[in-house]
Amino acid sequence: MDLKRVKDYIYWLYYQYLLITCSYVLEPWERSMFHTITVTVLAMVVYTAYVFVPIHVRLAFEFFSQIFGGQTKSTV
């Protein structure tokens, strides 16, 4: 793939992001603050999902395996 086409596509995606979030009309310092807050919140969501979702999935699996007649750890 041509490097110029990839660069144009990434620029187009960034422009779509600016239009969707309405940050295109912000001043540069406001836009940088908005991007900082957005990236921070997104990073916190990803970290929380990485840490807590596997724990909840495991606990749900153990709960439903006990309900549907699975063996508990003490009988194994």
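Residues numbered from 1 in each chain as written. Predicted model: local features only at pLDDT ≥ 70, side-chain atom pairs only at ≥ 80, totals over all residues. Heavy atoms only, no water.

Participant: Break down a nonpolar patch on the surface for me, with residues and values.
Facilitator: Nonpolar side chains collect at one region of the surface, where Tyr9, Ile10, Trp12 and Leu13 lie side by side and expose about 440 Å² of accessible area between them. Relative to the helices and strands, Tyr9 is located in helix H1 (residues 3-20). (Patch = residues over 30% accessible without salt bridge, like charges linked within 9 Å, V, L, I, M, F, W, Y side chains within 5 Å. Areas by Shrake-Rupley, 256 points an atom, 1.4 Å probe, with all protein chains shown as cover. Salt bridge = Lys/Arg side-chain N within 4 Å of Asp/Glu carboxyl O. Helix = DSSP H or I, 4+ residues; strand = E, 2+ residues; numbered from the N terminus.)

Participant: An account of the side chain of Ser23 is needed here, citing residue identities and associated values.
Facilitator: Mapped onto the elements, Ser23 comes out in the loop between H1 and helix H2 (28-67). Side-chain polar atoms of Ser23 contact the side chain of Thr21, separated by 3.0 Å. If we skip the residues at most four places from it in the chain, Ser23 touches Leu18, Arg31, Phe34 and His35. (Polar contact = N/O pair within 3.5 Å; in protein donor to acceptor, adjacent residues only side chain to side chain. Contact = heavy atoms within 4.5 Å.)

Participant: Go over the side chain of His35, please, and point to the residues and values.
Facilitator: Along the chain, His35 turns up in helix H2. Polar side-chain contacts of His35 include one of 3.2 Å to the side chain of Tyr17. If sequence neighbours within four positions are ignored, His35 has contacts with Tyr14, Tyr17, Leu18 and Ser23.

Participant: Describe the UniProt feature "transmembrane region" (unreviewed entry) in the protein chain, and please don't skip the residues or the numbers.
Facilitator: As annotated in UniProt, the feature "transmembrane region" (unreviewed entry) corresponds to residues 9-26 and 32-53 in the numbering used here. Summarising residues 9-26: 67% helix, 0% strand, and an end-to-end C-alpha distance of 23 Å. End-to-end, the C-alpha atoms of residues 32-53 are 31 Å apart, and along that stretch the chain is 100% helix and 0% strand. (UniProt positions renumbered as here; feature names shortened; annotations may be inferred.)

Participant: Report on H1, specifying residues and quantitative values.
Facilitator: Under the 1.5 Å per step criterion, the end-to-end length of H1 is 26 Å for 18 residues, consistent within 8% with the ideal 26 Å. Positioned one or two residues after H1, Cys22 has a phi angle of 60°, which is positive. (Expected span 1.5 Å × (residues − 1).)

Participant: I'd like a rundown of the packing of H1 against H2, residues and numbers included.
Facilitator: Axis separation between H1 and H2 bottoms out at 13 Å; the angle between their running directions is 95°. By the angle between their axes, H1 is roughly perpendicular relative to H2. Residue-level inspection shows Tyr14, Tyr17 and Leu18 of H1 in contact with H2, the latter providing Arg31, Phe34, His35 and Thr38. Class assignment of the residues belonging to the contact of H1 with H2 gives a composition of four nonpolar, two polar and one charged. (Axes fitted to C-alpha atoms, helices over the stretch in contact; angles between N-to-C directions. Parallel < 35°, antiparallel > 145°, perpendicular 65-115°, else oblique. Nonpolar A, V, L, I, M, F, W, Y, C, P; charged D, E, K, R; others polar.)

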